[in-house]
Every structure is written in structure tokens, then in C-alpha cells.
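Summary of the model geometry
This is what each chain is made of:
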Amino acid sequence: CGAGCARRCGAGCCNAPRRTARDLRYGRWRHDEHVGARQYQLRVAQLKIERRPPTPTLAQRAMELRQLPFPDARLELRSGKEIRYHFSISPGRYGRLYDCLLQVLPGERQPRMFVVRPDLVELAGGVRPPHLYDHDGAGFLLCLFWPKNGEWDSRMKLGNTYIAWTAEWLWYFEQWLKHGEWI
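So, here is what we can say about the structure in this document. (Residues numbered from 1 in each chain as written. Predicted model: local features only at pLDDT ≥ 70, side-chain atom pairs only at ≥ 80, totals over all residues. Heavy atoms only, no water.)

**A short note on helix 3 (residues 58–66)**
Using the following cut-off: Throughout, exposure labels follow a simple rule: accessible area from a 1.4 Å probe, protein chains only, divided by the maximum for the residue type, with under 20% read as buried, over 50% as exposed, and the rest as partly exposed. Strands are runs of DSSP state E lasting at least two residues, helices are runs of H or I lasting at least four, and both sets are numbered from the N terminus onward. In this description, the arc belongs to the directions extending from the helix axis to the C-beta atoms. Whether two residues are in contact is decided by their heavy atoms: any pair within 4.5 Å suffices.
Among the residues of helix 3, those classed as buried are Leu58, Arg61, Ala62, Glu64 and Leu65. Across the axial projection of helix 3, the buried residues extend over an arc of 160°, all falling on one side. Exposed and facing more than 90 degrees away from the buried side of helix 3 are Met63 and Arg66. Elements in contact with the buried residues of helix 3: strand 1 (74–78), strand 2 (82–89), strand 3 (98–104) and helix 5 (159–179).

**Notes on empty space enclosed by the protein**
Here is the rule: Here a cavity is any set of points on a 1 Å grid over the protein atoms alone where a 1.4 Å probe fits but cannot get out, and a pocket is any open set with protein on both sides within 12 Å along at least 5 of 7 lines; a residue lines the site when it has an atom within 4 Å of a point. Grid points are joined across faces, edges and corners, and a volume is the space filled by probe spheres set on the points. Note on residue classes: Ala, Val, Leu, Ile, Met, Phe, Trp, Tyr, Cys and Pro are nonpolar, Asp, Glu, Lys and Arg are charged, and everything else, Gly too, is polar.
Per the stated rule, a full pass over the model turns up one cavity of 30 Å³ or more. What the largest cavity holds in volume is close to 50 Å³. Along the walls of the largest cavity sit Thr55, Pro56, Arg61, Val104, Leu105, Pro106, Gly107, Arg109, Trp152 and Ser154, which together make up its complete lining. Partitioning the lining of the largest cavity into residue classes produces five nonpolar, three polar and two charged.

**Topic: unusual backbone geometry**
What is expected of a backbone is that most residues other than glycine have negative phi and most peptide bonds are trans. Omega for the peptide link from Arg117 to Pro118 comes to -5°, which places this bond in the cis form. With respect to the helices and strands, the residue Pro118 is situated in the loop between strand 4 (112–117) and helix 4 (120–123). Even without glycine at this site, Ser79 takes up a positive phi of about 55°. Position of Ser79 relative to the elements: it lies in the loop between strand 1 and strand 2. Even without a glycine there, the phi angle at His131 is positive, about 65°.

**Here's the deal with the packing of aromatic side chains**
Stated precisely, the cut-off is as follows: Here a pair means two rings of Phe, Tyr or Trp (six-membered ring of Trp) with centres within 6.5 Å. Their orientation is stacked below 30 degrees between planes, edge-to-face above 60, and tilted elsewhere.
According to the stated counting rule, one finds twelve aromatic pairs in the structure shown. Ring centres 5.7 Å apart and planes at 10° place the aromatic pair Trp169 and Phe173 in the stacked group. Pair noted here: Trp169 and Phe173 are both in helix 5, with a separation of four residues, about one helical turn. Under the relative-accessibility criterion, Phe173 is labelled buried at 0%. Summarising the aromatic geometry, the rings of Trp171 and Tyr172 are spaced 5.1 Å apart at their centres and angled 85° between planes, so their arrangement reads as edge-to-face. Here a set of aromatic residues connected by ring pairs shows up, and it is made of Tyr98, Trp169, Trp171, Tyr172, Phe173, Trp176 and Trp182.

So far we have only geometry, and geometry alone does not tell us how the molecule works.
The following block contains the structure:
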């Protein structure tokens, strides 16, 4: 700045903003860095862009699922490592009722949605419906979106994504039963 200040102090004799110990501790500034006011504003804007909300914990997911309007829904928290949400849903006002299971795992892993009852292959007259994953176990594992497209993110609400997508999948399934073609 030309005034001979100690550039690390941010004493106000130059354009450098006043830095705090917190800024240094969280890596916002290096000790030997001297920045002007405009660079400071850009850095603050960059920090706001880079900050993304954390992935919800299983406890937060359980609270979210309890608030959904399914009267007969049942929530199981299994050893703090998995949530199983049992609920019944219909794809529309006149659609049949399907018993579903949403399996939620901690962290960034994708939940899994199963249709437990009725038997989808039996409803389809022995033909395996499209858009199902192979898996070992009971029920049918639904393919609700294409993971490579990044349509789901672990910070999204399950009611707005997995539950809604399940209702949509079931609607398409019923249309497939009627017309023989996945629309």
C-alpha cells in the first residue's frame, strides 16, 4: 500500500480488510497474503457459492418421513444404520393401492424403493415390467431415475423426489398394463 503498514495486521492504512483469527483458522487467508477490498469481496462471494448444505442425517430423514401424510405408514430405524419406511400409495384417485418400502442408508448413498405388494409380475400376467432393477430379496426394486444424469442429490427431500417419483412410476406401470407400452 506504500504506507509501510504491516500487511498482516489489516490496521486500515491500506485497502486490506481487517482479518480475524477465525479467518486465519478456517483458511480464508494466509498469513502473508495482502488483498484489496475488491479481492476480499470476490473471496466472500466465492465462499458463499462453494458452501453447500450438509447431507441430512438418518435422524433428520426420519423426522422428514414422519411428517409425510401417510396415515398407516410405519418407520423403522435399524441400529442407526438404516431407515425402512413402509407406506401405501396409489398413483391416482382411481388407481390400486401399492404397499411400498423405502430403504434409506446414511450419507450420500441413494435410497432404494421397493413395491412389496401386490406382485407386479402377477398383475402383468407373468411378464416382468420394465424399469426394475434385479436384486435378491422380496419385492420389486424400482428404477425411478437415471443416476448418471444426476437427477437426485442426497440433500433433496425424499417426499419431493422418491415418494413422488414412486407415484409417477406406478402411474406409468398402470398405463403399461392397460396399453402394453411404457409411455
